[in-house]
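Below, each chain spelled out in residue letters.
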Amino acid sequence: MSNDTKQWFIRGLRDGLPIGLGYFAVAFALGIQASGAGMTALQSTLMSLFNLTSAGEAAAIALIGAGTTYVELAFTQLVINIRYLLMSCALSQKIAPDTSFLHRLLIGYGVTDEIFAVSMAVSDRLSPAYSYGAIAVAVPGWTLGTLLGAVLGNVLPARATGALGVALYAMFLAIILPPARKSKVIAGVVAISMLASALLTLAVERLSLTFLTEGFRIVLLTVLISAVAAWLFPVVAPHSEEVPS
Amino acid sequence: MTVHNVFLAIAVMAVVTYLIRVLPLVLIRREIKSPFIRSFLYYVPYVTLSVMTFPAILGATNVIWSALAALAVAVVLSLMRCKLPVVAVAACATVFLVELLPFV
């Protein structure tokens, strides 16, 4: 391993650590849910290891518990997780164009909301070693959390799990707000996105537009708002520190 | 086909989710030249993370007050450029402490 690769890996480990801890807490709750729905500990652990998606797995647990079809399950995952497609498109421009096929296959496994977030916050070109570092702590956190939740059930008091639930959101804020302070455009984009998300969520609840699942809402607003922002405020050099002010 | 084998169901989910994640990475192998698409992808993380955070954070705790307090703490610390783990831990601690208050 070259020195440079090693440093990228360590950087990924470091940024992945809070993700791994947050995942552990969320996965613990997921594991409890899974055993409640009749899944064995082995099943829920494998599900977490191979899927690595909180919203997708929560939906799958509900569907499997209630009885479902393979097609319905596949379609649900597609709708809930389609946001990863956008994230991967953005990541494809963040990594070096000569990144090998194998590296691309491996990075792809680790495209989660949180790993994507820290990856995009890196100011240079992204090295695959960074993703591997983040994956190396995030995946054990997620998988072991699920296993322990499934096996131990409700040993953690609700107070503690509730407190851990905000960790991942706090992390998102720590990623988007510092650049928002530097750039009025980003600040505006963040504010409008949150406002639109709140209004749409309210509309979905009031008008019971159940077809607009959370995953679908995220994609809809991301495409709409990013497109308008790109049209009004084109960015000259997306990889530099330079942002439209 | 009704799900009888949970392991097969897990495999189906995993394939769908992995394909969504990996296809753009293996198909888009060069730098995109279009200024519009480049700008679009530049804004994607900011919009996605904002949309995912709010209003979802308000429902992430046992009571809304602790979530609001954690949101405020996380916003202030983020604007002060505190490190990521610091913001995360401070937000969790806020929830824990607020929920200890007798009137919450």
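Residues numbered from 1 in each chain as written. Chains lettered and ligands numbered in written order. Predicted model: local features only at pLDDT ≥ 70, side-chain atom pairs only at ≥ 80, totals over all residues.

Description of the overall build of chain B
- Scanning chain B for helices and strands turns up 4 helices and 0 strands.
- The C-alpha atoms of chain B give 20 Å as radius of gyration, which overshoots the globular expectation for 104 residues (13 Å, by more than 25%).
- For chain B, the C-alpha atoms occupy an extent of roughly 55 × 50 × 20 Å along the three principal directions. (Helix = DSSP H or I, 4+ residues; strand = E, 2+ residues; numbered from the N terminus. Rg over C-alpha atoms; globule rule 2.2 N^0.38 Å.)

Comments concerning the overall build of chain A
- On a plain count of helices and strands, chain A comes out with 12 helices and 0 strands.
- Listed N to C, the secondary structure of chain A is α-α-α-α-α-α-α-α-α-α-α-α in terms of helices and strands.
- Whereas a compact globule of 245 residues would reach a radius of gyration of roughly 18 Å, chain A reaches 19 Å, a difference of no more than 12%.
- On the principal axes, the C-alpha backbone points of chain A span a range of 55 × 50 × 35 Å.
- Counting every position in chain A, which comprises 245 residues, the buried fraction comes to 49%.
- Once local pairs closer than 6 in sequence are excluded, the contacts in chain A between residues at least 24 apart make up 80%. (Buried ≥ 20, exposed ≤ 12 C-beta atoms within 10 Å, placed from the backbone. Contact = placed C-beta atoms within 7 Å.)

Notes on the interface of chain B and chain A
- The interface of chain B with chain A comprises 66 residues on the first partner and 86 residues on the second.
- Among the secondary structure elements, those contributing two or more residues to the side of chain B that touches chain A are α1 (6–27), α2 (35–53), α3 (64–79) and α4 (84–100) of chain B.
- For the side of chain B that touches chain A, the element with the most residues is α2(B), which contributes 18 residues.
- Looking at the side of chain B that touches chain A residue by residue, the class counts come to 50 nonpolar, 9 polar and 7 charged. (Nonpolar A, V, L, I, M, F, W, Y, C, P; charged D, E, K, R; others polar.)

Regarding the environment of Ala93(B)
- As for its placement among the helices and strands, Ala93(B) is situated in helix α4.
- C-alpha separation for the pair Ala93(B) and Arg29(B), spaced 64 residues apart in sequence, amounts to 43 Å.

A few points about helix α11 (residues 184–206) of chain A
- Here α11(A) contains 23 residues, and its C-alpha end-to-end distance of 33 Å stays within 8% of the 33 Å for a straight helix at 1.5 Å per residue.
- Positive backbone phi, at 40°, marks Ser208(A), one or two positions downstream of α11(A). (Expected span 1.5 Å × (residues − 1).)

Comments concerning the nonpolar core
- Counting residues in each nonpolar core, the largest one holds 110 residues, and the members touching the most others are Val166(A), Ala167(A), Ala170(A) and Ala91(B).
- When residues in this core are grouped by element, the largest group, 14 residues, is from helix α1 (residues 3–36) of chain A.
- Both domains that meet at this core, namely domain 1 (3–165) and domain 2 (183–245) of chain A, each give it at least three residues.
- If we ignore the near neighbours within four places in the chain, the residues touching Val166(A) are Ile57(B), Ala60(B), Thr61(B), Ala67(B), Ala70(B), Ala91(B), Cys92(B) and Val95(B). (Core = buried A, V, L, I, M, F, W, Y, C linked by C-beta atoms within 7 Å. Domains from an automatic or database assignment.)

Digging into the domain arrangement of chain A
Residue and element names in this part refer to chain A.
- Partitioning chain A into structural domains gives domain 1 (3–165) and domain 2 (183–245).
- Each of domain 1 and domain 2 has a C-alpha centre, and the two are 23 Å apart.
- Every contact between the two is made by 9 residues of domain 1 and, on the other side, 9 residues of domain 2.
- Where the side of domain 1 that touches domain 2 is concerned, the elements lending two or more residues are α4 (70–81) and α5 (83–94).

Observations regarding the packing of α4(A) against α1(B)
- α1(B) packs onto α4(A) with a crossing angle of 30° between their chain directions and a minimal axis gap of 9 Å. Comparing the axis directions of α4(A) and α1(B) gives the class roughly parallel. Crossing handedness for the pair α4(A) and α1(B): right-handed. Every residue of α1(B) that contacts α4(A) at Tyr70(A), Leu73(A), Ala74(A), Gln77(A), Leu78(A) and Asn81(A) is listed here: Ala9(B), Val12(B), Met13(B), Val16(B), Thr17(B) and Ile20(B). (Axes fitted to C-alpha atoms, helices over the stretch in contact; angles between N-to-C directions. Parallel < 35°, antiparallel > 145°, perpendicular 65-115°, else oblique. Left-handed = near helix turned anticlockwise from the far one by under 90°.)

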